[in-house]
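# Structure assessment
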Amino acid sequence: MRDRKSELREKLTSLDPETRSRLLERIRSERASSGEERLRRKIPKATPIHEEPSGAKVYPTGPGQDRMLILHEFAGEIPLYNSCR
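Residues numbered from 1 in each chain as written. Predicted model: local features only at pLDDT ≥ 70, side-chain atom pairs only at ≥ 80, totals over all residues. Heavy atoms only, no water.

### A closer look at the overall build of the protein
Along the backbone of the protein there are 3 helices and 2 strands. When the helices and strands of the protein are read in sequence order from the N terminus, they spell out α-α-β-β-α. In the form shown here, the protein has an accessible surface area of approximately 8,500 Å², with 57% of it arising from carbon and sulfur atoms. (Helix = DSSP H or I, 4+ residues; strand = E, 2+ residues; numbered from the N terminus. Areas by Shrake-Rupley, 256 points an atom, 1.4 Å probe, with all protein chains shown as cover.)

### Quick notes on a nonpolar patch on the surface
Together, Leu12, Leu23, Leu24 and Ile27 make up a nonpolar patch on the protein surface, roughly 260 Å² of accessible area in all. Top element by residues in the nonpolar patch is helix H2 (residues 17–40). It accounts for 3 residues. Along the chain, Leu24 falls in helix H2. With relative accessibility at 30%, the residue Leu24 sits in the partly exposed group. (Patch = residues over 30% accessible without salt bridge, like charges linked within 9 Å, V, L, I, M, F, W, Y side chains within 5 Å. Salt bridge = Lys/Arg side-chain N within 4 Å of Asp/Glu carboxyl O. Buried < 20%, exposed > 50% of the residue type's maximum accessible area, 1.4 Å probe, protein only.)

### Description of the confidence of the model for the protein
Looking at the protein, pLDDT values average 80 and 78% of them are 70 or higher. Averaged over each element, pLDDT in the protein is lowest for H2 (78) and highest for strand E2 (residues 57–58) (92). (pLDDT = per-residue confidence, 0-100.)

### As for the environment of Glu52
Its place among the elements puts Glu52 in the loop between strand E1 (50–51) and E2. Residue classification places Glu52 among the partly exposed positions, given a relative accessible area of 36%. A distance of 3.0 Å separates the side chain of Glu52 from the side chain of His50, its partner in a polar contact. (Polar contact = N/O pair within 3.5 Å; in protein donor to acceptor, adjacent residues only side chain to side chain.)

### Overview of the environment of Leu15
Within the secondary structure layout, Leu15 lies in the loop between helix H1 (4–14) and H2. Residue Leu15 is classed as partly exposed on the basis of its relative accessible area, which comes to 27%. When neighbours within four sequence positions are excluded, Leu15 is seen to be in contact with Arg20 and Leu23. (Contact = heavy atoms within 4.5 Å.)

And the structure:
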């Protein structure tokens, strides 16, 4: 059974030069436009909960941080939640 890359490579080399050129140009333009699309979609900035007297801004924790805190509160100093399965 052949792998997918070699099948695609074979199909690409079997194309005539003009068709191959048009296909590669289309792929390049789609990649470029998708990159621009990603740049337009910005992640919204988080709003700080409050600001410390030192000037440090305090932000809400994320779901992963909440889970880690709960595990730390239950497990104490036992680092089992960091162990590989």
